[in-house]
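Observations on the three-dimensional arrangement
So the chains spell out like this:
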Amino acid sequence: MADSCRDEFRGQHILSASQFTRGGIERLFALARRMKRIANGEIECTVLQKQMLGSFFWQESTRTRLSSERAFRMLGGEVCTFTDMRFSSVVKGEDIPDTYQVLSHFCEIMVVRHPETGAVAEGAKFSRKPVISAGDGKGEHPTQGLLDVFTFQEALHGVDGITVTAVGDLRDSRTVHSLGLLLGLYDGVTLTCVAPPELQLPNEFVRKYRENSKGRLTIRTVESLEDGIADADAIYMIRPQQEHKDEDQQALVVEMYRQLCLTRDKIKRCCRKQHVIVTHPLPRNREISRDVDSLSGALYLTDQIDNGILVRMALFLLVLGKEEKFV
Ligand code: NCD
């Protein structure tokens, strides 16, 4: 069991949430919990000394980049950051195969974000070092999915049987795309998708969820936020993904979002579960009202961010084959 789980990570590119097994995720989460004492400064760690993380973000990022870089440094590693394509040789006509082969020489592992769907996986084919996707266009964001499920696990003391209500622009949200794939690894999870038809989860992902979960995941489609959150254990809010819309669609999406704003009052009135948690990959626009922030179940500005560092620390150790020291 331990060996097959290790193979799932060791030396692998991390490109899609569909590549994980439940056993692998449990191993990752167990290791993430052990990272707490390092992350809070109780123990010093040098296990990644002389290892370099290539942090290549060719699209905006705050949390994913800083979280990945902090995670790597906490384990004693070094980081080289490259965030502006305009200063890379791509501008001089360097192609993807050459770019990734060259980047492989400067690091032991790389975290890459790219605005085009599929571009990270394409580049990984030419990389000599493991590539961890930090989000590709409107494709996937596997490490965000992992930290989201870890957040559910820790806050709700288990993921089997929970109801997760995802609200907003599910069509173009790569974080939801990865999240649903992971939830399908658990037993009896219901994913309630709240969005107008124009912003619902693409059929391609509904199909992938069904395949990946072998039918275990129940997917419900709902238009009203009030109905959608009624049975939720966890609410997962998404901002409008305006970068994937043309001008006309953008105005329409703003209009649609008027119905989707989560407020403290709606939570109090509509949620039947006492301890509902509220999560968001961030950045937030206006889809969560500020009066939700102080609820004890609002985790998007607190635990969810800290969990991202723990999960990425654990993932680096597993992919680089350095986890033994902590087991
Ligand atoms: C998300 C992203 O970039 O996909 N943010 C993140 O990584 N935490 C979510 C978003 O931009 O809506």
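What counts and how
Residues numbered from 1 in each chain as written. Predicted model: local features only at pLDDT ≥ 70, side-chain atom pairs only at ≥ 80, totals over all residues. Heavy atoms only, no water. pLDDT = per-residue confidence, 0-100. Contact = heavy atoms within 4.5 Å. Pairing = 2+ DSSP bridges. Helix = DSSP H or I, 4+ residues; strand = E, 2+ residues; numbered from the N terminus. Axes fitted to C-alpha atoms, helices over the stretch in contact; angles between N-to-C directions. Buried < 20%, exposed > 50% of the residue type's maximum accessible area, 1.4 Å probe, protein only. Salt bridge = Lys/Arg side-chain N within 4 Å of Asp/Glu carboxyl O. Near = heavy atom within 4 Å. Polar contact = N/O pair within 3.5 Å; in protein donor to acceptor, adjacent residues only side chain to side chain. Areas by Shrake-Rupley, 256 points an atom, 1.4 Å probe, with all protein chains shown as cover. Nonpolar A, V, L, I, M, F, W, Y, C, P; charged D, E, K, R; others polar. Phe/Tyr/Trp six-rings, centres within 6.5 Å; stacked < 30°, edge-to-face > 60°.

Notes on the confidence of the model for the chain
For the chain, mean pLDDT is 94; residues scoring 70 or higher make up 97% of the total. Ignoring residues within four places in sequence, the model shows residues 1–6, a span with pLDDT below 50, making eight contacts including any to other chains.

Section: the sheet that holds strand β7 (residues 218–222)
For sheets, the rule is that strands pair by backbone hydrogen bonds, running either parallel or antiparallel. Here we have five strands laid out as an open sheet, ordered β7-β6-β5-β8-β9, and parallel in their pairing. The open sheet terminates on both sides in strands that have one partner only, identified here as β7 and β9 (277–279). Strand-to-strand, the axes of this sheet are offset by a mean angle of 20°, without reference to chain direction. Bridge analysis of strand β6 (residues 190–194) against β7 gives five bridges, and the strand direction is parallel.

Quick notes on the pairing of strand β8 (residues 234–237)
Burial along β8 is two-sided: the residues A234 and Y236 and I235 and M237 are all buried. Two strands pair when backbone bridges link them, and strand β5 (residues 163–167) and β8 are joined in this way by four bridges, in the parallel orientation. Bridge pairing in β8 links A166 to Y236. The pairing of β8 with β9 spans three bridges and is classified as parallel. Counterpart to I235 in the pairing with β9 is V278.

What to know about the pattern of salt bridges
Counted by the stated rule, this structure contains 21 salt bridges. Between D172 and K245 there is a salt bridge; the shortest N-O distance is 2.7 Å. Placement of the pair is D172 in the loop between β5 and α8 (174–183) and K245 in the loop between β8 and α11 (247–257), with a sequence separation of 73 residues. We classify D172 as buried; its relative accessible area is 2%. Of the charged contacts, one joins R269 and D265 as a salt bridge, the two residues approaching to 3.1 Å between their closest N and O atoms. In this pair, R269 and D265 are both assigned in helix α12 (residues 264–270), four residues apart and thus about one turn of the helix distant.

Examining the site of the ligand
As a structural note, the neighbourhood of the ligand is formed by T64, R113, H141, Q144, R174, T175, R239, Q241, P281, L282 and P283. One of the backbone N or O atoms of P281 is found 3.0 Å from a nitrogen atom in the ligand. Here the ligand has 320 Å² of accessible area as a free molecule, and 93% of this is covered by the chains. By residue class, the composition of the shell around the ligand is three nonpolar, five polar and three charged.

Side note on the packing of aromatic side chains
Across all of its chains, the model carries eight aromatic pairs by this definition. Geometrically, the ring pair formed by F205 and Y209 is edge-to-face, given 6.4 Å between the ring centres and 65° between the ring planes. Within this pair, F205 and its partner Y209 are both found in helix α9 (residues 203–213), separated by four residues, close to a single helical turn. With a relative accessible area of 4%, F205 lands in the buried category.

A closer look at the sheet that holds strand β2 (residues 78–82)
Across the sheet, which stays open at both edges, the four strands sit in the order β2-β1-β3-β4 with parallel pairing between neighbours. Single-partner strands in this sheet number two, and they are β2 and β4 (131–136). Within this sheet the neighbouring strands show an average axis-to-axis angle of 15°, counted without direction. Two elements, strand β1 (residues 52–57) and β2, share five bridges in a ladder whose sense is parallel. Bridge pairing in β2 places G54 opposite C80. Helix α4 (residues 63–74) rests against β1, β2, β3 (109–114) and β4 of the sheet, and its axis sits at about 175° to β1. Contacting β1, β3 and β4, helix α13 (residues 303–319) crosses the sheet at an angle of about 125° to β3.

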